[in-house]
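# Observations on chain architecture
The chain contents come next:
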Amino acid sequence: MKPPILAIVMSTVISGTIMVLISSHWLTIWIGFEMNMLAIIPILMKKFNPRAMEASTKYFLTQATASMLLMLGIIINLLLTGQWTVLNMPNPVASNMMTAALAMKLGLSPFHFWVPEVTQGVPMSSGMILLTWQKIAPLSILYQIAPSMNPNLLMAMAIMSVLVGGWGGLNQTQLRKILAYSSIAHMGWMIAVTTYNPTLMLLNLTIYITMTLGTFMLFMLNSSTTTLSLSHTWNKLPLIASLILMTMLSLGGLPPLSGFIPKWMIIHELTKNDMAIMATFMAMTALLNLYFYMRLTYATALTMFPSTNIMKMKWQFESTKNTTLLPPLIMISTMLLPLTPMVLTLF
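Residues numbered from 1 in each chain as written. Predicted model: local features only at pLDDT ≥ 70, side-chain atom pairs only at ≥ 80, totals over all residues. Heavy atoms only, no water.

## Some remarks on the packing of aromatic side chains
Which entries qualify depends on this criterion: For Phe, Tyr and Trp, rings pair up if their centres lie within 6.5 Å, where Trp contributes its six-membered ring, and each pair is then called stacked (planes under 30 degrees apart), edge-to-face (over 60) or tilted (otherwise). Helix numbers and strand numbers start at the N terminus; a helix is a DSSP run of H or I with at least 4 residues, a strand a run of E with at least 2. Burial classes follow relative accessibility: with a 1.4 Å probe on protein chains only, a residue under 20% of its type's maximum area counts as buried, one over 50% as exposed, and anything between as partly exposed. Counting as a charge over the ring demands two things of the Lys NZ or Arg CZ atom: a distance within 6 Å of the ring centre and an angle within 35 degrees of the ring normal.
Counting across every chain of the model gives three aromatic pairs. Measuring from centroid to centroid gives 5.4 Å for Y59 and W114, while their planes differ by 65 degrees, and the two rings are edge-to-face. In this pair, Y59 is assigned in helix 3 (residues 50-81) and W114 in helix 5 (residues 114-121), connecting sequence segments 55 residues apart. With respect to class, Y59 is no different from W114; both count as buried. Each ring, one from F260 and one from W264, has its centre 5.7 Å from the other, and the planes form 10 degrees; the classification is stacked. Of this pair, F260 and W264 both sit in helix 14 (residues 260-272), four residues apart, roughly one helical turn. Directly above the aromatic system of W189 lies the positively charged group of K263, at a separation of 5.1 Å from the ring centroid.

Here it is, written out as structure tokens:
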């Protein structure tokens, strides 16, 4: 894709999301979603091949269906209240319809089937945008309409998403699919706490985005798409291998790393609201995610390549990819735990 066209498309994607974030009128929110959806498709088809075409078509059909459901919910709400404002939603039918539409946009279970397929079919950079930036707009609307949503429906979707995100990634060897299932599980954690403390959802989203961006950038730097290609890393870039180990364990939510903060806070919030069984169940399903992250770290940093690299001459060219954002992203996604009190005051 030529740079001017890419700039126009990316600015449309960004302005669509910003339009959703700053609007308090349902029609402008819906227009923002549409702008965002139509502009992301050329980005998904950046490397034009049949797989990217198929992935983009799946994405378009799912998002168009979600937009249609969202508009139906908006119209039902309009007929009953006579208002277009976001914060006035007394009718449960409209509320449930909008929740389903936003769940479809986010890829929450039971509407999760498109996420691994689309992420696997598109290039790494497009997958990164899909699993980070594209989550911001729907979650901002969920944040605004949280008081009028059905908590039982949200909890059911959260449980299913955490389970699907754990079970689905267990047998995968493709890195993009693993990150897609990881995204489904993280969305489940965010939705679980939305009813009780929507601000914690924003904290979780921020940390999730930094961790996922860091992980994708490490994979892109290494040009890895499978577990096998990842296992060659230490021979070529030993430092990158140890950084992948850190970010993977942080994504799994292990205590000394940043990924532990949102899980800790969400479990704390759920137990405070007499949901101890739910919190225990979610903590146990997080172990499934941790298992497949551990598999990746094992393949990357703890297995020996068949032949050691003893040549004095470089057998591969140095990577020329831009890594300006990588150091701050890795620092945020691994070393934030001591700053938890400050982070909590900010959120």
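Having put the structure on the table, let's press on.
## Digging into the environment of L336
As a reminder of what qualifies: We call two residues contacting when some pair of their heavy atoms lies within 4.5 Å.
Note that L336 resides in the loop between helix 16 (326-334) and helix 17 (340-346). For L336 and G259, which are 77 residues apart along the polypeptide, the C-alpha to C-alpha distance reads 8.5 Å. Excluding residues that lie within four positions of it along the chain, L336 makes contacts with I207, S258, I261, M331 and V343.

## Things to note about the nonpolar core
Most often, soluble globular proteins keep nonpolar side chains buried together rather than apart. The cut-off we apply is this: Residues belong to a common nonpolar core when they are buried Ala, Val, Leu, Ile, Met, Phe, Trp, Tyr or Cys residues joined through side-chain atoms within 4.5 Å.
Judged by nonpolar contacts, the single largest core of 96 residues is most densely connected at W26 and L139. With 13 residues, the single largest contributor to this core is helix 10 (residues 198-222). Setting aside anything within four residues of it in sequence, one finds L139 in contact with L106, M187, M190, I191, M201 and L205.

## Topic: the packing of helix 2 (residues 26-44) against helix 3
Which entries qualify depends on this criterion: To obtain each axis, a line is fitted to C-alpha atoms, and for helices this fit is confined to the stretch in contact; angles are then taken between N-to-C directions over 0 to 180 degrees. Under this scheme an angle from 65 to 115 degrees is roughly perpendicular, one under 35 degrees roughly parallel, and one over 145 degrees roughly antiparallel; angles in between are oblique. Any residue outside Ala, Val, Leu, Ile, Met, Phe, Trp, Tyr, Cys, Pro, Asp, Glu, Lys and Arg is labelled polar, Gly included; the first ten of those are nonpolar and the last four are charged.
One can describe the packing of helix 2 onto helix 3 by two numbers: an axis separation of 10 Å at closest approach and a directional angle of 175 degrees. As the angle between them shows, helix 2 and helix 3 are arranged roughly antiparallel. Along the contact surface, helix 2 presents W26, L27, W30, F33, E34, M37, L38, I40, I41 and L44, while helix 3 presents A52, S56, Y59, F60, Q63, A64, S67, L70, M71, I74 and N77. Among the residues forming the contact of helix 2 with helix 3, the class breakdown is 16 nonpolar, four polar and one charged.

## Remarks on the pattern of salt bridges
As a reminder of what qualifies: Salt bridges are defined by distance alone: a side-chain nitrogen of Lys or Arg within 4 Å of a carboxyl oxygen of Asp or Glu.
Counted by the stated rule, this structure contains four salt bridges. As a salt-bridge pair, E117 and K58 come within 3.7 Å of each other at their nearest N and O atoms. Taken together, the residues E117 in helix 5 and K58 in helix 3 connect sequence positions 59 residues apart. Residue classification places K58 among the partly exposed residues on the basis of a relative accessible area of 27%. Residue K177 pairs with E117 through a salt bridge whose shortest N-O separation is 3.8 Å. Note that K177 is positioned in helix 9 (residues 175-194) and E117 in helix 5, a separation of 60 residues in sequence.

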